[in-house]
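One letter stands for each residue in the lines below.
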Amino acid sequence: MWARVADPPELPEQFAPTGPKQSRFRVVPSPPLRPTLFPDEARFALRLSVLSGCAEFAAWAWFAHAGEKGAVLGWAALRLLKPVWAWTGTRFPRSVVAFSLLLLALFGVAASLLTVGQLFTAALLAVALPAFGDLCASCAADGISVERRSAAFAWLDMAQGLGGATGVALGASFPRVAAIVTVAALLAASIGVPDLQDRGTPRTTWTLAAHEHVLHSRFGAHLVALAFFGGFFAMQQPSRPHSTWMALLFPLAGMAIAARADPYMPNAVFLPRAAVLVAVAGLFLPPLRLLALGGLFAALPASVARGAGEMERPVASSLVWSALGLGAAVGAVL
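Residues numbered from 1 in each chain as written. Predicted model: local features only at pLDDT ≥ 70, side-chain atom pairs only at ≥ 80, totals over all residues. Heavy atoms only, no water.

## What about the pattern of salt bridges?
Now for step 1: A full pass over the atoms with the stated rule returns seven salt bridges.
Now for step 2: The residue E56 makes a salt bridge to R79 at a minimum N-O spacing of 2.4 Å. Of this pair, E56 sits in helix α1 (residues 39-64) while R79 sits in helix α2 (residues 71-79), and the two are 23 residues apart along the sequence. The pair formed by E56 and R79 is uniform in burial state, with each residue classed as buried.
Now for step 3: R203 is the salt-bridge partner of D198, the closest N and O atoms lying 3.0 Å from each other.
Now for step 4: On the basis of relative accessible area, R203 is assigned to the partly exposed category, the value being 22%. (Salt bridge = Lys/Arg side-chain N within 4 Å of Asp/Glu carboxyl O. Helix = DSSP H or I, 4+ residues; strand = E, 2+ residues; numbered from the N terminus. Buried < 20%, exposed > 50% of the residue type's maximum accessible area, 1.4 Å probe, protein only.)

## With respect to the packing of helix α3 (residues 82-91) against helix α4 (residues 94-114)
Helix packing geometry: the angle between the two helix axes and the distance between the axes.
Now for step 1: The interhelical angle for the contact between α3 and α4, taken along N-to-C directions, is 135°, at an axis separation of 7 Å. Looking at the two axes, α3 sits oblique to α4. Residue-level inspection shows W85, T88 and G89 of α3 in contact with α4, the latter providing R94, V97 and L101.
Now for step 2: In the contact of α3 with α4, the residues fall into three nonpolar, two polar and one charged. (Axes fitted to C-alpha atoms, helices over the stretch in contact; angles between N-to-C directions. Parallel < 35°, antiparallel > 145°, perpendicular 65-115°, else oblique. Contact = heavy atoms within 4.5 Å. Nonpolar A, V, L, I, M, F, W, Y, C, P; charged D, E, K, R; others polar.)

## Things to note about the side chain of E56
Now for step 1: Residue classification places E56 among the buried positions, given a relative accessible area of 3%.
Now for step 2: Setting aside anything within four residues of it in sequence, one finds E56 in contact with R79, K82, Q160, G163 and G164.

## Considerations on the nonpolar core
Now for step 1: Formed by 90 residues in total, the largest nonpolar core has its most connected members in F63, F132 and L324.
Now for step 2: Counting residues per element, this core draws most heavily on α1, at 14 residues.
Now for step 3: For L324, the contacting residues outside a window of four places in its chain are W60, A227, G231, L293, L296, F297 and L300. (Core = buried A, V, L, I, M, F, W, Y, C linked by side-chain atoms within 4.5 Å.)

## Points about the packing of aromatic side chains
Now for step 1: Per the stated rule, a full pass over the model turns up nine aromatic pairs.
Now for step 2: Look at W60 and F297: their rings are 5.2 Å apart centre to centre, the planes differ by 90°, and that puts the pair in the edge-to-face class. Placement of W60 in helix α1 and of F297 in helix α13 (residues 287-307) is noted, with a sequence separation of 237 residues between them. Like F297, W60 is buried.
Now for step 3: With centroids separated by 5.3 Å and ring planes inclined at 35°, the aromatic side chains of W62 and F120 adopt a geometry described as tilted. Of this pair, W62 sits in helix α1 while F120 sits in helix α5 (residues 120-128), and the two are 58 residues apart along the sequence. (Phe/Tyr/Trp six-rings, centres within 6.5 Å; stacked < 30°, edge-to-face > 60°.)

## Some words on unusual backbone geometry
Note: most peptide bonds trans; most residues except glycine with negative phi.
Now for step 1: Even without a glycine there, the phi angle at V116 is positive, about 55°.
Now for step 2: Its location among the elements puts V116 in the loop between α4 and α5.
Now for step 3: For V116, a relative accessible area of 71% puts it in the exposed group.

## Looking at the packing of helix α10 (residues 218-234) against helix α12 (residues 270-281)
Now for step 1: Look at α10 against α12: their axes get within 8 Å of each other, and the N-to-C directions meet at 25°. As summarised for this structure, α10 and α12 are arranged roughly parallel, according to the angle between their axes. Judged by the sense of rotation from one axis to the other, the crossing of α10 with α12 is left-handed. Residue-level inspection shows H222, L223, L226, G230, F233 and A234 of α10 in contact with α12, the latter providing P272, R273, V276, A279 and V280.
Now for step 2: Residue classes in the contact of α10 with α12 are distributed as eight nonpolar, two polar and one charged. (Left-handed = near helix turned anticlockwise from the far one by under 90°.)

## Brief notes about α1
Now for step 1: Given a rise of 1.5 Å per residue, 26 residues ought to cover 38 Å, and the 36 Å separating the end C-alpha atoms of α1 matches this to within 8%.
Now for step 2: Most of α1 is tucked away: 20 of the 26 residues are buried. (Expected span 1.5 Å × (residues − 1).)

## Digging into the environment of A123
Now for step 1: Take A123: it is sitting in helix α5.
Now for step 2: Along the backbone, A123 and W75 are 48 residues apart, and their C-alpha atoms lie at a distance of 9.9 Å.
Now for step 3: Residues in contact with A123, not counting those within four places in the same chain, are W62, G108, V109 and S112.

## With respect to a nonpolar patch on the surface
Now for step 1: A cluster of nonpolar side chains, contributed by L73, V333 and L334, occupies part of the molecular surface with about 270 Å² of accessible area.
Now for step 2: As for its placement among the helices and strands, L73 is situated in helix α2. (Patch = residues over 30% accessible without salt bridge, like charges linked within 9 Å, V, L, I, M, F, W, Y side chains within 5 Å. Areas by Shrake-Rupley, 256 points an atom, 1.4 Å probe, with all protein chains shown as cover.)

Below, the structure is given as C-alpha cells:
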C-alpha cells in the first residue's frame, strides 16, 4: 500500500516537456478503460446479437447432421454471402433484407419437416442464407459511437460463437430435436429485425477493398488460414460415430476450455494454433475433433478482439467465420 510509485519511462527528447512542471505530483498515465455500452445501446446490441446468434445456431445445427452430402459445399458458398447482404442493406432497408432471409430459411425448414426429410437439401441451403454477421455489424457501427463500438462488435462475435457451438452440439447429437429447435431459433431471431431499421441516416458497410486489405495483412491471413484448416480437420469423418452424449458435450466443453484459457495466452494466435493441433490429433483420437471445433468457436473471436485493429475487427471477424465454415464443409466432403 505504501510502495513507491514507479518512475514513468523517459520520453524521447523531441517529445519531452521542456517547460516548468504544472503539478508537484508524479504524472502517471491512467490504466486502460474497457469500453462499455449505455443501457439503451446494450439492449440494442443484445437484440442484434440474438438475431445473428440464432441464425448461426440454425445454420450449424443443420450442417452438423448433413454428413458427407455434397450440398454442404453449397451451404458454405451461401455462408460467404455475408458482405453481399450488408451491401444490399445499403440499397434496401436492412430490416426487409433480414426478414426476407429469415422467411426463406423458415420455409425451407418447414418444407423438410413436413416431407419427413425429403427436402433436406433445400432446408440445408435455406438455413445458410441468413448470415447476418456483416449486416448486424454495419448496423451497430452506424448506430453506436466509435469509442463504444468495439463492445458491440464483441457481443456480436460472442453470440455467433455460442450459436455455432450450440448448433453443432445439438445437431450432431439429436438431429431431429435440432431440426425442431431450429424453427424456434429462427422465430426468436426476428426479435432483432426491427432494430435494423435506419433512422434516416446513411447506411454504410465495408468495401471489398477493406476485406482485401485485412486478408492481405499478416495477422488476417494467418488467422483465416488457421480457421480454414481448423474447420477442415475438425470435420473429418471419424471411423466410428461419436456417442450421442459425447457429441453433445464435447463442443460445449471445448468452447468453455478455450474461453477460460484465452486470458493466459501469450499472443492472439496461440489459442487458435492449439485448437488446430487438437483437431489434427483428432485424426488419431476422433473425439478430440469435436473438442477442437468447440474451442475454435471461442478462440477465433477472442483472437480477432486481441489482434485486429479496432476499425478492422468486423471485417476480420467476417473473413474468419467464412473461412471456418468453408473449411468445415470441405473437410466434411473430403
